[in-house]
Amino acid sequence: MDTHDTVFKNEKIWIISDSRPSDIKPESIGIKHHGSPIKEYAISDLAWYLLNPEPIVIRDKLVGCHITKKKSTLRKIKDGISRLFFAESNDKDTSKNDLTQEYVSALHLKTYTFKDQAFENHFKSIYKALRPYDSLLKIFGTVNVSDIQEITGICEDIAGNRYRLDLQGTVHDKLNYMVSNLLTPVKITMKKAYLSKGLFELRGFKFKTFNPEKAFRLIRYIQNGEPTYCVLGSEDKPGFVVQEPKLVYCLQLFEQSLRTNEKLYESVELCIKGEAKPFKLFFTKQLEFSYSQNHLPRIFRDNYDISKMAPDEKGAIAQTLNNQQRVISFNYIPHSNSGEEKMHTNISVMHDVRALEHLKDHFPNLFNEIFESAPSSDAGKFYLLDSIKGCQDE
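What you see is a predicted model, and the numbers here were worked out from it, not measured in a lab.

Caption draft 1: Representation of the sheet that holds strand β10 (residues 216-223) in the model. Read across the sheet, five strands follow the order β1-β2-β10-β11-β12 without closing on themselves; strand pairing throughout is antiparallel. At either end of the open sheet lies a strand with only one pairing partner, and these are β1 (20-21) and β12 (240-241). In the sheet, strand β11 (residues 226-231) pairs with β12 via two bridges, with the strands oriented antiparallel. Bridge pairing links V231 to F240 in β12. Each of β2 (39-43), β10 and β11 touches helix α6 (residues 245-260); the most contacted strand, β11, lies at about 70° to it.

Here it is as structure tokens:
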């Protein structure tokens, strides 16, 4: 581990270090650079996974499929006539809708995650024994492949969300795939860990193998007037250019949140210990609800000076707190003694210290306390405004 990274030697979990001037030669990494100095960061293997533009593999349960039948000769004639005389009403081709039928397993058994691995394996053996009795398998056995136009799978993730799975091969291959894999976790290849709009898929990373002493070099330079980031390869890992600078800012916010939100740290730690299943990491700019004069976050609600203020003055503070937020949501499913799988969400509401500038003269002690405790990065100087924890079905 480089001396640059010794700041983390006592940390079990970290994402990205503070920046420092880099001594790297631009030509050694194949970049043309002129102008501002090159910066360098250390990033953990979890950060490497989140930034990497390469495909990832996860597993979700195959619970059913959509089967689209071929059109009969008579149906083709009817559809042709319909398009000829009712072209306007057929702008959106719905001719296949009634030819496609959804099939979902009648034995759609709920999965369980027990702390006791032996007990969990016992349940898996029961499910395996019940699988041959699934009525959907019997339906597959009666299907005439020559009548089928297309088969697409239906998968369900650990949160109960269902989505379509495109299958490869001929119709016969697809039907065999359904018979062989129904109600089992199947491999799903996703384009990369970053899905879109601040959402990351975490299940492609092996949290149990997280090594705090393992670090990679992240280089920042200016290209065509814009900040550009690249990760240098190390050991068996290839290097790559980060596709969007905002992804690095997400890592910096995640790091700041881990440093200041003990509950978030503990949630991630559960995944590393193998006591929880990670799911998604989500970054947004604002909470879905707003703070008000009657509902201020604890750090302001417990302040003596603020507690004595008039309602309209508290309302003005609440308005300040509703601006310049950054929200990090970490979704995971902890193991339990009962085996019940419930999605837990840990939310960190990070707030830009600059939003408090106009309040510092009124509450200098509180402002200084916040300012001194807030870590800084290229993403800005944010402090933990609020921590919210929720559980599915609660």
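Caption draft 2: Representation of the pairing of β10. Note: β2 against β10, five bridges, orientation antiparallel. Counted as the bridge partner of I43 is F216 from β10. As defined by bridge partners, β10 adjoins β11 across six bridges and the pair is classed as antiparallel. Residue pairing for β11: L218 is matched across the bridge by V231. Following β10, the chain reverses through two residues before pairing antiparallel with β11; N224 in that reversal takes a positive phi of roughly 55°.

Caption draft 3: Structural view of the pattern of salt bridges. Following the criterion strictly, the structure yields 17 salt bridges and no others. Residue R164 is joined to D166 by a salt bridge in which the shortest nitrogen-to-oxygen separation is 3.3 Å. Between R259 and E255 there is a salt bridge; the shortest N-O distance is 3.1 Å. Placement of the pair is R259 and E255 together in helix α6, with a separation of four residues, close to one helical turn. Overall, R259 belongs to the partly exposed group, its relative accessible area being 42%.

Caption draft 4: Geometry of empty space enclosed by the protein. A complete count under the given rule lists two cavities of 30 Å³ or more for this structure. Approximately 50 Å³ is the volume attributed to the largest cavity. Surrounding the largest cavity, F300, L356, L359, K360, F363, L366, F367 and I370 form its lining. Of the residues in the lining of the largest cavity, the class split is seven nonpolar, no polar and one charged. If you add up the space inside the second largest cavity, you get close to 40 Å³. In this structure, the second largest cavity is lined by L51, N52, P53, K192, Y194, Q243 and L247. Broken down by class, the residue content of the lining of the second largest cavity amounts to four nonpolar, two polar and one charged.

Caption draft 5: The nonpolar core, seen in detail. The biggest cluster of nonpolar side chains holds 67 residues, and the ones touching the most others in it are L51, L218 and F254. Sorting elements by how many residues they give to this core places α6 first, with seven residues. If you look at the next biggest cluster of nonpolar residues, it comprises 22 residues, including L359, F363, L366 and A374.

Caption draft 6: Expanded view of the sheet that holds strand β8 (residues 194-196). The strand order β8-β9-β13-β14-β15-β17-β16 describes an open sheet built from seven strands, whose pairing is antiparallel. Two strands close off the open sheet at either side, each with one partner strand: β8 and β16 (376-377). Sheet topology places strand β15 (residues 344-352) next to strand β17 (residues 380-391); nine bridges connect them, and they run antiparallel. Residue pairing in the sheet places D352 in a bridge with F382 of β17. Taken strand by strand, α6 contacts β8, β9 (199-201), β13 (276-284), β14 (325-334), β15, β16 and β17, and its axis lies near 70° from that of β17.

Caption draft 7: A look at the environment of K25. Residue position: K25 is located in the loop between β1 and β2. Judged by relative accessible area, which is 53%, K25 ranks as exposed.

Caption draft 8: Focus on the packing of aromatic side chains. Overall, the coordinates contain eleven aromatic pairs when judged by the stated rule. A ring pair is formed by F205 and F207, whose centres lie 5.1 Å apart and whose planes are at 80°; its orientation type is edge-to-face. Residues F205 and F207 agree in their burial class; the two are buried. The rings of Y194, F200, F254 and F283 are connected pair by pair, giving a single aromatic cluster.

Caption draft 9: Structural context of the environment of Q293. Of note, Q293 is situated in the loop between β13 and α8 (298-301). For the pair Q293 and P311, spaced 18 residues apart in sequence, the C-alpha to C-alpha distance is 6.0 Å.

Caption draft 10: A look at the packing of α6 against helix α7 (residues 262-272). Close contact between α6 and α7 brings their axes to 5 Å; oriented N to C, the two are set at 105°. When the interaxial angle is binned, α6 and α7 end up roughly perpendicular. Touching F254, S257, L258 and T260 of α6 are E262, L264, Y265 and V268, all from α7. Grouping the amino acids of the contact of α6 with α7 by side-chain chemistry returns five nonpolar, two polar and one charged.

Conventions used here
- Residues numbered from 1 in each chain as written.
- Predicted model: local features only at pLDDT ≥ 70, side-chain atom pairs only at ≥ 80, totals over all residues.
- Heavy atoms only, no water.
- Pairing = 2+ DSSP bridges.
- Helix = DSSP H or I, 4+ residues; strand = E, 2+ residues; numbered from the N terminus.
- Contact = heavy atoms within 4.5 Å.
- Axes fitted to C-alpha atoms, helices over the stretch in contact; angles between N-to-C directions.
- Salt bridge = Lys/Arg side-chain N within 4 Å of Asp/Glu carboxyl O.
- Buried < 20%, exposed > 50% of the residue type's maximum accessible area, 1.4 Å probe, protein only.
- 1 Å grid on protein atoms, 1.4 Å probe; cavity = no way out; pocket = protein on both sides within 12 Å on 5 of 7 lines; lining within 4 Å.
- Points joined across faces, edges and corners; volume = space filled by probe spheres on them.
- Nonpolar A, V, L, I, M, F, W, Y, C, P; charged D, E, K, R; others polar.
- Core = buried A, V, L, I, M, F, W, Y, C linked by side-chain atoms within 4.5 Å.
- Phe/Tyr/Trp six-rings, centres within 6.5 Å; stacked < 30°, edge-to-face > 60°.
- Parallel < 35°, antiparallel > 145°, perpendicular 65-115°, else oblique.

By themselves, these observations are geometric and do not establish any function.
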